[in-house]
Every structure is written in C-alpha cells, then in structure tokens.
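One-letter residues, chain by chain:
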Amino acid sequence: MSAAVPRRVLVVTAVHGPSAAFLPQAHKSLRAQELPAGWEWHWVIQEDGRTDEVAPYVPDDARVTFGQGRPGGPGVARTIALAHAEGEYVKILDADDQLTPGALARDLAVLEADRTIGWTTSRVLDLLPDGSTAGFPGDPDDGPIERGAVLDFWAANDFRAQVHPATLCVRRDLLHALGGWMALPASEDTGLLLALNSVSRGWFSAEVGLYYRKWEGQVTGQPAHVDPVERAARMAVVEARARALAAFGWRYPSGR
C-alpha cells in the first residue's frame, strides 16, 4: 500500500535584492516549525525581477522553489508564486521576517477546526537591529474576527489595521477568488486583508507568530511609502474594494 500523500501549506515570499540576505534566517524559522502528522510545508521564493542578487541566498532545500519574473512589486510576485506549487493553505512570510515556533501549527489548528474561518493572523513583535524585540498595544482578543471588524477599525484609526497582514494564513481557494494581492505599489497586503475581512470571518492568535524585522532598507521605511498623495490614493482604492465586496453580499463559505 502506498503512503498517504502529505497535505501542504504553501509559504509564499516575495523578495528583491536588498532583502535577499535575510532569506537564510527566514528558512531557519521555517525549519523549526513542527506540523501535525500528515502535513508538510513548501516554500516558494519569488524574486520581484530578474537579477543575480537573490539566487545566492536561496536555501538548498528540496522544499524550496525559486522563481523570477518581471518586476511589478511584492503583490505581483506573491500572486505569480501561486502558480509554482500546490497547497491547501497559503502562509505569507516576508523575506526579512521570521516565524515563531508553532506558528504554522496554530494556523492549521484554527483553519482545520472551523470551515467558517477563512484566514488567520497573529500577534507580532518588531525585531530591532540590535536583536531585541518590541511589541505594541491594541491587539484584539484571541479568537474570531467577524466580517467588517478590521475595515471598521482601519477606517477609524488613520488606515491602520489592528491585525498585521504579514501574519496572514489563508485558504487558497478564497485567496484565488479574491484575485490574490492588490495591484498597488504598496499596501497590497492590507488591501487583501480588508477584502478577506469583507467576505469571511478571520481569527487572531494572541501568541506571537512573527518577528517583523525593522531595518533601514525595508520598503515600508522609505520616503515614497509615506508620500501623502500616493498614500491617500492607495487607501481610497483599498477601502473602495473592501466596501464593494461587502455591499455585494457574497460570503465565504457561500450561504454563511
């Protein structure tokens, strides 16, 4: 009798040259994950562009797939990465971040237990240049997040969500149904988070699931990211999409 085919979590990472050097540490955090029996992870690293800067840092691991493509931003890279491997669930892992032990298992436990939960998030600690970590106040309670809750909070708090999109783990069919990440120069992950919250219930784990690296080269730390004109345009499109989805009345799972 042949062995059962493992079920899979697809871990997706968009990367460009400046952040490539952090890939080995991200890989270390993946190798430390202990999944339930019958599960495995597969990591797709998708370069946003075609250079010689990233490949030297891609781990030599059969569970890792490396792809390159035309530059279009992290949302494009993550979305095209979905074509390179199968997996029932899709976990986000930015190149410069690290998962905490048990993060994937906690995501799976929630999603496998309740079909009405479409996605999960978790508590984040900033990983500072000196190696120390720092949290921040305002996390929601551990447990389900109802439809519309993230959008309402985001709109009332200067476009800042109470859960972090870099911690997302999402059902693959739901991700495909929403078209992947938004076609924006930034905030594409927030756009996806709000779209998910408009059509499905989510979950927040109060246990730390991610170390979010703070460093001078990160994209969100660059002046262009906070340009007021572009930021206003990004937020307008993100909000319009989320509210349109809510108004149409489609729900995941259907009929819920």
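What counts, and at which threshold
- Residues numbered from 1 in each chain as written.
- Predicted model: local features only at pLDDT ≥ 70, side-chain atom pairs only at ≥ 80, totals over all residues.
- Heavy atoms only, no water.
- Helix = DSSP H or I, 4+ residues; strand = E, 2+ residues; numbered from the N terminus.
- Contact = heavy atoms within 4.5 Å.
- Areas by Shrake-Rupley, 256 points an atom, 1.4 Å probe, with all protein chains shown as cover.
- Lys, Arg positive; Asp, Glu negative; His and termini not counted.
- Charge placed at Lys NZ, Arg CZ, Asp CG, Glu CD.
- Buried < 20%, exposed > 50% of the residue type's maximum accessible area, 1.4 Å probe, protein only.
- Expected span 1.5 Å × (residues − 1).
- Salt bridge = Lys/Arg side-chain N within 4 Å of Asp/Glu carboxyl O.
- Pairing = 2+ DSSP bridges.

### Regarding the overall build of the protein
Here is step 1 of the chain: Per the secondary structure count, the protein includes seven helices and 10 strands.
Here is step 2 of the chain: Considered along the principal axes of its C-alpha atoms, the protein spans approximately 50 × 45 × 35 Å.
Here is step 3 of the chain: A fraction of 76% describes how many contacts in the protein between residues 6 or more apart in sequence connect residues 24 or more apart.
Here is step 4 of the chain: For the protein, the exposed area adds up to about 11,800 Å²; of that, 55% sits on carbon and sulfur atoms.
Here is step 5 of the chain: Counting 25 positive and 32 negative side-chain charges, the protein places the centres of these two groups 5 Å from one another.

### Quick look at the environment of glutamine 162
Here is step 1 of the chain: As for its position among the elements, glutamine 162 is in the loop between α4 (149-156) and β9 (169-171).
Here is step 2 of the chain: By relative accessible area, glutamine 162 is classed as buried at 14%.
Here is step 3 of the chain: Considering only alpha carbons, one finds glutamine 162 and proline 140, 22 residues apart in sequence, at a separation of 6.8 Å.

### Some points on helix α6 (residues 188-199)
Here is step 1 of the chain: End to end, α6 covers 17 Å across 12 residues, agreeing with the expected 16 Å (1.5 Å per residue, within 8%).
Here is step 2 of the chain: Of all 12 residues in α6, 12 are buried, a share of seventy percent or more.

### Concerning the pattern of salt bridges
Here is step 1 of the chain: This model, assessed by the stated rule, comprises 15 salt bridges.
Here is step 2 of the chain: Aspartate 139 is the salt-bridge partner of arginine 123, the closest N and O atoms lying 3.5 Å from each other. Note that arginine 123 is positioned in strand β6 (residues 117-127) and aspartate 139 in the loop between β7 (133-134) and β8 (143-145), a separation of 16 residues in sequence.
Here is step 3 of the chain: Take arginine 123: its relative accessible area is 28%, and that puts it in the partly exposed class.
Here is step 4 of the chain: Here the salt bridges share partners, and the residues they tie into one network are Arg7, Glu88 and Glu112.

### So, the pairing of strand β1 (residues 7-15)
Here is step 1 of the chain: Across the nine residues that make up β1, a large majority, seven, are buried.
Here is step 2 of the chain: For β1 and strand β2 (residues 39-48), the ladder comprises nine bridges, and the chain directions are parallel. Along β2, the bridge assignment pairs threonine 13 with isoleucine 45.
Here is step 3 of the chain: In terms of strand pairing, β1 meets strand β4 (residues 89-92) through four bridges, oriented parallel. Its bridge partner lying in β4, valine 12 is registered against isoleucine 92.

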